[in-house]
Amino acid sequence: DIVLTQSPATLSVTPGESVSLSCRASQGISTSIHWYQQKSNESPRLLIKYASQSISGIPSRFSGSGSGTDFTLSINRVESEDFSVYYCQQSYSLPRTFGSGTKLEIK
Amino acid sequence: VQLVESGGGLVQPGKSLKLSCSASGFTFSSYGMHWIRQAPGKGLDWVAYISSSSGTVYADAVKGRFTISRDNAKNTLYLQLNSLKSEDTAIYYCARAYFDFWGPGTMVTVSS
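Just so it is clear, the structure is predicted and the values come from calculations on it, not from any experiment. (Residues numbered from 1 in each chain as written. Chains lettered and ligands numbered in written order. Predicted model: local features only at pLDDT ≥ 70, side-chain atom pairs only at ≥ 80, totals over all residues. Heavy atoms only, no water.)

Within this model, the largest pocket holds a volume of roughly 530 Å³. The wall of the largest pocket is formed by 27 residues, among which Gln-38, Val-85 and Tyr-87 of chain A together with Gln-38 and Lys-42 of chain B lie closest to the centre. A per-element tally of the lining of the largest pocket places strand β11 (residues 102-106) of chain A first, with 3 residues. Tallied by class, the residues present in the lining of the largest pocket amount to 11 nonpolar, 12 polar and 4 charged. Taken as a whole, the second largest pocket holds about 290 Å³ of empty space. Lining the second largest pocket are 15 residues; nearest its centre among them are His-34 and Tyr-50 of chain A together with Ala-97, Tyr-98 and Phe-99 of chain B. Partitioned by chemical class, the residues of the lining of the second largest pocket number 7 nonpolar, 4 polar and 4 charged. (1 Å grid on protein atoms, 1.4 Å probe; cavity = no way out; pocket = protein on both sides within 12 Å on 5 of 7 lines; lining within 4 Å. Points joined across faces, edges and corners; volume = space filled by probe spheres on them. Helix = DSSP H or I, 4+ residues; strand = E, 2+ residues; numbered from the N terminus. Nonpolar A, V, L, I, M, F, W, Y, C, P; charged D, E, K, R; others polar.)

Residues and elements named next belong to chain A. Topologically, Asp-82 is positioned in the loop between β8 (70-75) and β9 (85-90). According to the relative accessible area criterion, Asp-82 is buried, its value standing at 1%. A distance of 2.8 Å separates the side chain of Asp-82 from the side chain of Arg-61, its partner in a polar contact. Excluding residues within four positions of it along the chain, Asp-82 makes contact with Gln-37, Arg-61, Phe-62, Ile-75 and Leu-104. (Buried < 20%, exposed > 50% of the residue type's maximum accessible area, 1.4 Å probe, protein only. Polar contact = N/O pair within 3.5 Å; in protein donor to acceptor, adjacent residues only side chain to side chain. Contact = heavy atoms within 4.5 Å.)

In C-alpha coordinates form, the structure reads like this:
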(Lines give C-alpha, C1' and ligand atoms only; values in the text may rest on other atoms or scores of the structure.)
Protein backbone atom coordinates (compact mmCIF):
# COMPACT_ATOMS: atom_id res chain seq x y z
CA ASP A 1 0.00 0.00 0.00
CA ILE A 2 1.14 3.56 -0.67
CA VAL A 3 1.75 5.51 2.53
CA LEU A 4 1.22 9.26 2.51
CA THR A 5 3.04 11.30 5.16
CA GLN A 6 1.74 14.78 5.84
CA SER A 7 3.68 17.49 7.62
CA PRO A 8 3.45 19.31 9.83
CA ALA A 9 0.70 17.69 11.91
CA THR A 10 -0.36 21.11 13.14
CA LEU A 11 0.37 24.53 11.69
CA SER A 12 -0.37 27.67 13.69
CA VAL A 13 -0.70 30.82 11.61
CA THR A 14 -2.11 34.31 11.69
CA PRO A 15 -4.84 35.23 9.20
CA GLY A 16 -3.24 36.86 6.17
CA GLU A 17 -0.14 34.66 6.23
CA SER A 18 0.60 32.33 3.35
CA VAL A 19 1.28 28.66 4.12
CA SER A 20 2.49 25.44 2.52
CA LEU A 21 1.40 21.98 3.57
CA SER A 22 3.44 18.94 2.60
CA CYS A 23 2.47 15.42 1.54
CA ARG A 24 5.10 12.80 0.76
CA ALA A 25 4.31 9.44 -0.89
CA SER A 26 6.16 6.22 -0.10
CA GLN A 27 6.67 5.61 -3.82
CA GLY A 28 6.33 7.60 -7.01
CA ILE A 29 2.71 8.32 -7.90
CA SER A 30 3.10 10.76 -10.79
CA THR A 31 0.50 13.49 -10.11
CA SER A 32 -2.19 11.20 -8.69
CA ILE A 33 -2.63 13.19 -5.50
CA HIS A 34 -5.69 15.10 -4.35
CA TRP A 35 -6.28 17.53 -1.49
CA TYR A 36 -9.31 17.85 0.78
CA GLN A 37 -10.45 20.29 3.42
CA GLN A 38 -12.50 19.05 6.35
CA LYS A 39 -14.13 21.48 8.72
CA SER A 40 -15.37 20.34 12.11
CA ASN A 41 -18.46 18.11 11.88
CA GLU A 42 -18.53 18.29 8.10
CA SER A 43 -17.62 15.85 5.35
CA PRO A 44 -14.42 16.46 3.37
CA ARG A 45 -14.44 18.81 0.40
CA LEU A 46 -12.23 18.36 -2.66
CA LEU A 47 -9.88 21.32 -3.10
CA ILE A 48 -7.31 20.28 -5.69
CA LYS A 49 -7.20 17.24 -7.98
CA TYR A 50 -4.24 15.62 -9.70
CA ALA A 51 -1.71 17.65 -7.76
CA SER A 52 -2.42 21.04 -9.31
CA GLN A 53 -5.79 21.08 -11.06
CA SER A 54 -8.27 23.56 -9.68
CA ILE A 55 -11.84 22.68 -8.71
CA SER A 56 -14.85 24.79 -9.62
CA GLY A 57 -16.06 26.86 -6.69
CA ILE A 58 -12.81 26.62 -4.71
CA PRO A 59 -11.16 30.00 -3.99
CA SER A 60 -8.11 30.79 -6.10
CA ARG A 61 -5.94 31.22 -3.00
CA PHE A 62 -5.69 27.41 -2.88
CA SER A 63 -3.11 25.87 -5.20
CA GLY A 64 -1.20 22.62 -5.48
CA SER A 65 2.11 21.49 -6.89
CA GLY A 66 4.43 18.52 -7.09
CA SER A 67 4.90 15.21 -8.81
CA GLY A 68 6.50 11.87 -8.04
CA THR A 69 6.72 11.64 -4.26
CA ASP A 70 6.58 15.24 -2.98
CA PHE A 71 3.48 17.41 -3.07
CA THR A 72 2.47 20.76 -1.65
CA LEU A 73 -0.81 22.49 -0.96
CA SER A 74 -0.38 26.25 -0.74
CA ILE A 75 -2.81 28.74 0.69
CA ASN A 76 -2.14 32.33 -0.25
CA ARG A 77 -3.18 34.71 2.55
CA VAL A 78 -5.09 32.44 4.89
CA GLU A 79 -8.60 33.56 5.77
CA SER A 80 -10.57 32.74 8.92
CA GLU A 81 -12.71 30.17 7.10
CA ASP A 82 -9.59 28.20 6.14
CA PHE A 83 -8.82 26.99 9.66
CA SER A 84 -9.59 23.29 9.42
CA VAL A 85 -7.91 19.97 8.68
CA TYR A 86 -6.35 19.19 5.30
CA TYR A 87 -5.83 15.71 3.89
CA CYS A 88 -4.00 14.41 0.85
CA GLN A 89 -5.11 11.21 -0.90
CA GLN A 90 -3.64 9.13 -3.70
CA SER A 91 -5.46 7.58 -6.64
CA TYR A 92 -2.40 5.94 -8.17
CA SER A 93 -3.37 2.48 -6.95
CA LEU A 94 -5.85 0.57 -4.85
CA PRO A 95 -6.29 0.63 -1.96
CA ARG A 96 -6.80 4.34 -1.97
CA THR A 97 -4.95 5.88 0.96
CA PHE A 98 -5.12 9.17 2.81
CA GLY A 99 -2.51 11.09 4.70
CA SER A 100 -3.00 11.61 8.43
CA GLY A 101 -3.88 15.26 7.96
CA THR A 102 -2.54 18.71 8.79
CA LYS A 103 -4.55 20.84 11.19
CA LEU A 104 -4.38 24.54 10.35
CA GLU A 105 -5.09 26.53 13.49
CA ILE A 106 -5.17 30.19 14.47
CA LYS A 107 -2.04 31.43 16.21
CA VAL B 1 -25.34 15.81 -7.02
CA GLN B 2 -26.50 14.54 -3.67
CA LEU B 3 -25.41 11.57 -1.59
CA VAL B 4 -27.19 10.67 1.64
CA GLU B 5 -26.13 7.83 3.93
CA SER B 6 -28.42 6.02 6.33
CA GLY B 7 -28.56 2.90 8.47
CA GLY B 8 -26.04 3.75 11.15
CA GLY B 9 -26.64 3.17 14.84
CA LEU B 10 -25.51 1.40 18.00
CA VAL B 11 -24.73 -2.29 17.56
CA GLN B 12 -23.11 -4.94 19.75
CA PRO B 13 -19.77 -6.50 18.90
CA GLY B 14 -20.14 -9.45 16.56
CA LYS B 15 -23.44 -8.22 15.17
CA SER B 16 -24.29 -6.89 11.70
CA LEU B 17 -25.52 -3.67 10.15
CA LYS B 18 -26.33 -2.54 6.61
CA LEU B 19 -25.63 0.99 5.48
CA SER B 20 -27.25 2.66 2.47
CA CYS B 21 -26.21 5.61 0.35
CA SER B 22 -28.94 7.17 -1.76
CA ALA B 23 -27.64 9.00 -4.83
CA SER B 24 -29.29 11.65 -6.99
CA GLY B 25 -28.39 14.34 -9.50
CA PHE B 26 -26.13 12.20 -11.66
CA THR B 27 -26.19 8.96 -13.64
CA PHE B 28 -25.44 6.63 -10.74
CA SER B 29 -24.91 3.54 -12.90
CA SER B 30 -22.01 5.20 -14.74
CA TYR B 31 -19.87 5.84 -11.67
CA GLY B 32 -17.81 3.78 -9.31
CA MET B 33 -18.47 4.50 -5.64
CA HIS B 34 -16.47 4.39 -2.41
CA TRP B 35 -17.09 3.97 1.29
CA ILE B 36 -14.72 5.81 3.63
CA ARG B 37 -14.84 5.93 7.40
CA GLN B 38 -13.54 8.21 10.12
CA ALA B 39 -13.17 7.09 13.72
CA PRO B 40 -13.93 9.75 16.35
CA GLY B 41 -11.17 12.35 16.34
CA LYS B 42 -9.14 10.45 13.75
CA GLY B 43 -8.30 10.72 10.06
CA LEU B 44 -9.94 9.34 6.94
CA ASP B 45 -9.77 5.61 6.28
CA TRP B 46 -10.75 4.20 2.88
CA VAL B 47 -12.97 1.11 3.25
CA ALA B 48 -14.19 -0.22 -0.10
CA TYR B 49 -14.83 0.54 -3.75
CA ILE B 50 -17.30 -0.78 -6.30
CA SER B 51 -16.92 -0.04 -9.98
CA SER B 52 -19.73 0.80 -12.38
CA SER B 53 -19.61 -2.84 -13.49
CA SER B 54 -19.76 -4.03 -9.84
CA GLY B 55 -16.14 -5.08 -9.44
CA THR B 56 -15.13 -4.66 -5.79
CA VAL B 57 -12.00 -3.89 -3.75
CA TYR B 58 -11.67 -3.80 0.05
CA ALA B 59 -9.27 -2.51 2.64
CA ASP B 60 -7.45 -5.32 4.44
CA ALA B 61 -9.04 -4.33 7.77
CA VAL B 62 -12.55 -5.14 6.51
CA LYS B 63 -11.93 -7.84 3.91
CA GLY B 64 -14.12 -10.86 4.58
CA ARG B 65 -16.38 -8.94 6.99
CA PHE B 66 -17.79 -6.09 4.90
CA THR B 67 -19.53 -6.31 1.52
CA ILE B 68 -20.09 -3.39 -0.82
CA SER B 69 -22.90 -3.63 -3.37
CA ARG B 70 -25.12 -1.44 -5.50
CA ASP B 71 -28.62 -1.34 -6.95
CA ASN B 72 -28.57 0.85 -10.03
CA ALA B 73 -32.36 0.68 -10.40
CA LYS B 74 -32.68 2.28 -6.96
CA ASN B 75 -29.65 4.59 -7.32
CA THR B 76 -28.40 3.17 -4.05
CA LEU B 77 -25.04 2.00 -2.73
CA TYR B 78 -24.81 -0.42 0.19
CA LEU B 79 -22.28 -1.57 2.74
CA GLN B 80 -23.04 -4.74 4.69
CA LEU B 81 -21.05 -4.80 7.92
CA ASN B 82 -20.70 -8.22 9.60
CA SER B 83 -18.75 -9.42 12.64
CA LEU B 84 -18.46 -5.87 13.87
CA LYS B 85 -15.65 -4.88 16.22
CA SER B 86 -15.23 -1.88 18.51
CA GLU B 87 -12.59 -0.53 16.12
CA ASP B 88 -15.24 -0.27 13.38
CA THR B 89 -16.83 2.59 15.33
CA ALA B 90 -16.77 5.55 12.95
CA ILE B 91 -18.67 7.90 10.73
CA TYR B 92 -19.16 6.13 7.40
CA TYR B 93 -19.19 8.29 4.27
CA CYS B 94 -20.03 7.36 0.71
CA ALA B 95 -18.28 9.24 -2.08
CA ARG B 96 -18.43 9.27 -5.85
CA ALA B 97 -15.62 7.71 -7.86
CA TYR B 98 -13.26 10.68 -7.89
CA PHE B 99 -14.13 11.76 -4.34
CA ASP B 100 -15.63 14.92 -5.81
CA PHE B 101 -18.88 14.49 -3.90
CA TRP B 102 -19.37 13.09 -0.41
CA GLY B 103 -22.40 12.40 1.72
CA PRO B 104 -22.78 13.85 5.24
CA GLY B 105 -22.03 10.45 6.77
CA THR B 106 -23.78 8.04 9.12
CA MET B 107 -22.42 7.10 12.54
CA VAL B 108 -21.82 3.47 13.48
CA THR B 109 -21.07 2.71 17.13
CA VAL B 110 -20.00 -0.79 18.10
CA SER B 111 -20.34 -1.28 21.82
CA SER B 112 -21.84 -3.68 24.32
